[in-house]
Amino acid sequence: MSESDRPLDEDGFLLAHEPAEEGRPDDRIDDERMDEENTFKPEFVRAVEDALEEGDTKAVYELVEPLHPADIADLLELLERQERYQLAAAITDLMTSEVVAELNDYVREDMMEALPPEAVAQIVDQLETDDAVQLIEDLDEADQRAILAEVELEDRIAIQSALSYPEETAGRLMSREFVAVPEHLTVGDLIDYLRDGRDLPDEFFEVFVVDEKHHPVGTCALSWVLRAPRNVALADVMKRDQTLIPVMLDQEEVGLMFQKYNLISAAVVDENDRLVGQMTVDDVVHIISEEAGEDALLMSGAGDGDINEPIREAYSARVRWLIANLGTALVASLIIAMFGAAIEQLVALAVLMPIVASIGGNAGTQTMAVTVRAIATNQLTRSNTRRILLREMRVAVLNGMTIAVLIGLATGVIFSPMLGGVIALAMIINVVIAGLAGVLVPVIFDRLDQDPAVASSVFVTMITDSMGFFAFLGLAVASGIVGS
């Protein structure tokens, strides 16, 4: 369609796109398929399932064809395993690289294993290197070799190079599609090079300037290039102060660097400081989301916590921490057993002691969550551990005194003033211990080069439960309310 034939808006300007066809809105949210939270309505999912069950591939295609690739990925994740295969077979040409790249890790791995190597290779050829690596990195070695054998030589070399780096490092995650130019060019030379368009990435935010050894010496944002006169040397307009990411840097540290320095993209360098790739903010958004979710799940001992995770893997990841928790719970039970005679003399002790342990556990969990986050974001380091510990202790004392007054008054009215004083003091002791454990347990794990989110909750709970019971029952005996 020529510009003269294109429709105009109400002000007489050319519309950027043609109007959507009847019943095919440009808006990604379709009232017939999506609810107000932009998730599929149950009726739509059932319609797809019914069409698959009836073998009506034409109806399936008509239902799915209008969807955005990310929505097709969501739909696949909502279906049962066999239904996914049926849907993929019914919408073959819609199963683009964009759909595959959006799939959940477990679903993507399962579907890639079900497809023949040549079909996976066709998808890999459409993806950027970092997405292609993510697609095949979890497959069996034999499947990887079969797929790579079908991939073009240049892409195969890039993917094999990425797979040689450890998982969750910049080298594994970086994109090898970037723009790098020598520093002797002028702005005009660069613009001509970019307009030529050969072998350039589809999308990029800045141009890296390198020396003769391919060391990055500066960057030029595209906005700077467009505004600078053509005859100005790149060396005069480029930004020399740049953030370089070592190829072996952990992805969590990469995310922190982007957050700290407000980066859009950054150069990745090898051990010889040569430019080998780049990280972009869209990759980092996934990293930050993944790391945040991972830490939360590790604190609960829930493994990957993915609803698409195979049952055997979910069981294995969760049961070992439940067994560990069983062991720590026995410690608390042994302390209760030590005071069995005292509990028999005064039933109120059995009624009240879970309150002390529960409040202590909640206080410890609060402090632990703050500490783990501070460690993860580099807010808590060796240089300020003492200050953070003292701060959390002051918070714990204030919390403990507040709760102690409330529970002490209530216990004094219901049972006896003496018992009220005992539980108030026990509450202060346990909440303070909880604050101490909530900081020290994650810090100790971090100092031992272990993930502080993995088992901190098990040990903090053990400490607060055990010390809560011991403080309350011990004070009750020491005060003479009951005999030992």
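Residues numbered from 1 in each chain as written. Predicted model: local features only at pLDDT ≥ 70, side-chain atom pairs only at ≥ 80, totals over all residues. Heavy atoms only, no water.

**A short note on the overall build of the protein**
Here is step 1: The secondary structure content of the protein amounts to 22 helices and six strands.
Here is step 2: Counting every position in the protein, which comprises 484 residues, the buried fraction comes to 42%.
Here is step 3: Taking contacts inside the protein between residues at least 6 apart in sequence as the whole, the part at least 24 apart equals 63%.
Here is step 4: For the protein, the exposed area adds up to about 26700 Å²; of that, 54% sits on carbon and sulfur atoms. (Helix = DSSP H or I, 4+ residues; strand = E, 2+ residues; numbered from the N terminus. Buried < 20%, exposed > 50% of the residue type's maximum accessible area, 1.4 Å probe, protein only. Contact = heavy atoms within 4.5 Å. Areas by Shrake-Rupley, 256 points an atom, 1.4 Å probe, with all protein chains shown as cover.)

**So, the sheet that holds strand β2 (residues 206-210)**
Here is step 1: Taken in spatial order, the three strands make up an open sheet running β1-β2-β3, and their pairing is mixed. Strands with a single pairing partner mark the edges of an open sheet, and in this sheet they are β1 (180-182) and β3 (216-221). Each adjacent strand pair in this sheet contributes to an overall mean axis angle of 35°, direction not counted.
Here is step 2: For β2 and β3, the ladder comprises five bridges, and the chain directions are antiparallel. Its bridge partner being in β3, Glu206 is matched across the sheet by Ala221. (Pairing = 2+ DSSP bridges. Axes fitted to C-alpha atoms, helices over the stretch in contact; angles between N-to-C directions.)

**Quick word on helix α10 (residues 153-163)**
Here is step 1: Within the span of α10, buried status applies to Ala158, Ile159, Ala162 and Leu163. Seen end-on, α10 carries its buried residues on one side only, within an arc spanning 135°. Residues Leu153 and Glu154 are exposed on α10 and point more than 90 degrees away from its buried face.
Here is step 2: Contacts from the buried residues of α10 go to α7 (117-126), α8 (129-136), α9 (141-150) and α11 (170-173). (Arc of directions from axis to C-beta.)

**Considerations on the pattern of salt bridges**
Here is step 1: Applying the stated criterion across every chain, the model contains seven salt bridges.
Here is step 2: Notably, a salt bridge pairs Arg172 with Glu137, separated by 2.6 Å at the nearest N-O pair. One end of the pair, Arg172, is in helix α11; the other, Glu137, is in the loop between α8 and α9, with 35 residues separating them in the sequence.
Here is step 3: On the basis of relative accessible area, Arg172 is assigned to the buried category, the value being 8%. (Salt bridge = Lys/Arg side-chain N within 4 Å of Asp/Glu carboxyl O.)

**Brief notes about the confidence of the model for the protein**
Here is step 1: For the protein, per-residue confidence averages 85 on the pLDDT scale, and 89% of positions sit at 70 or higher.
Here is step 2: Here residues 1-29 is modelled with pLDDT under 50, and outside its nearest four sequence neighbours on either side it reaches 28 contacts, counting other chains as well. (pLDDT = per-residue confidence, 0-100.)

**Here's the deal with the packing of helix α1 (residues 42-54) against helix α2 (residues 57-64)**
Here is step 1: Two numbers describe how α1 lies on α2: the axes approach to 8 Å, and their chain directions differ by 155°. Taken together, the axes of α1 and α2 lie roughly antiparallel to each other. Regarding α1 and α2, the two cross each other, and that crossing is left-handed. Touching Phe44, Ala47, Val48, Ala51 and Leu52 of α1 are Ala59, Val60 and Leu63, all from α2.
Here is step 2: Counted by class, the contact of α1 with α2 contains eight nonpolar, no polar and no charged residues. (Parallel < 35°, antiparallel > 145°, perpendicular 65-115°, else oblique. Left-handed = near helix turned anticlockwise from the far one by under 90°. Nonpolar A, V, L, I, M, F, W, Y, C, P; charged D, E, K, R; others polar.)

**Some words on the packing of aromatic side chains**
Here is step 1: Here the structure, examined in full by the defined rule, presents four aromatic pairs.
Here is step 2: Ring centres of Phe445 and Phe459 lie 5.9 Å apart, and the angle between their planes is 50°; this geometry places the pair in the tilted category. Here Phe459 lies in helix α22 (residues 452-478) and Phe445 lies in helix α21 (residues 417-447), a separation of 14 residues in the sequence. (Phe/Tyr/Trp six-rings, centres within 6.5 Å; stacked < 30°, edge-to-face > 60°.)

**Some thoughts on the sheet that holds strand β5 (residues 265-269)**
Here is step 1: In spatial order, the strands read β4-β5-β6; together these three strands make up an open sheet with mixed pairing. Pairing within the sheet leaves two strands with one partner each, and these edge strands are β4 (244-246) and β6 (275-280). Averaged over neighbouring strand pairs, the angle between their axes works out to 35° when direction is ignored.
Here is step 2: Here helix α15 (residues 251-261) sits on the sheet in contact with β4, β5 and β6, set at roughly 170° to β4.

**Re unusual backbone geometry**
Here is step 1: Phi at Glu168 takes a positive value of approximately 60°, unusual for a residue other than glycine.
Here is step 2: Relative to the elements of secondary structure, Glu168 occurs in the loop between α10 and α11.
Here is step 3: Classification of Glu168 as partly exposed rests on a relative accessible area of 29%.
Here is step 4: Despite not being glycine, Asp449 has its phi angle at roughly 60°, a positive value.
Here is step 5: As for its placement among the helices and strands, Asp449 is situated in the loop between α21 and α22.
Here is step 6: Classification of Asp449 by relative accessible area gives exposed; the value is 70%.

**Description of the environment of Thr243**
Here is step 1: As for its position among the elements, Thr243 is in the loop between α14 (234-237) and β4.
Here is step 2: In this structure the C-alpha to C-alpha distance between Thr243 and Ala267, which are 24 residues apart in sequence, comes to 7.2 Å.
Here is step 3: Contacts of Thr243, omitting those with residues within four sequence positions, involve Met257, Tyr261, Leu263, Ala266 and Ala267.

**Examining a negative patch on the surface**
Here is step 1: A cluster of like negative charges, contributed by Asp50, Glu53, Glu54, Asp56 and Glu62, occupies part of the molecular surface.
Here is step 2: With three residues, α1 is the single largest residue contributor to the negative patch.
Here is step 3: You can see Asp50 is positioned in helix α1. (Patch = residues over 30% accessible without salt bridge, like charges linked within 9 Å, V, L, I, M, F, W, Y side chains within 5 Å. Lys, Arg positive; Asp, Glu negative; His and termini not counted. Charge placed at Lys NZ, Arg CZ, Asp CG, Glu CD.)

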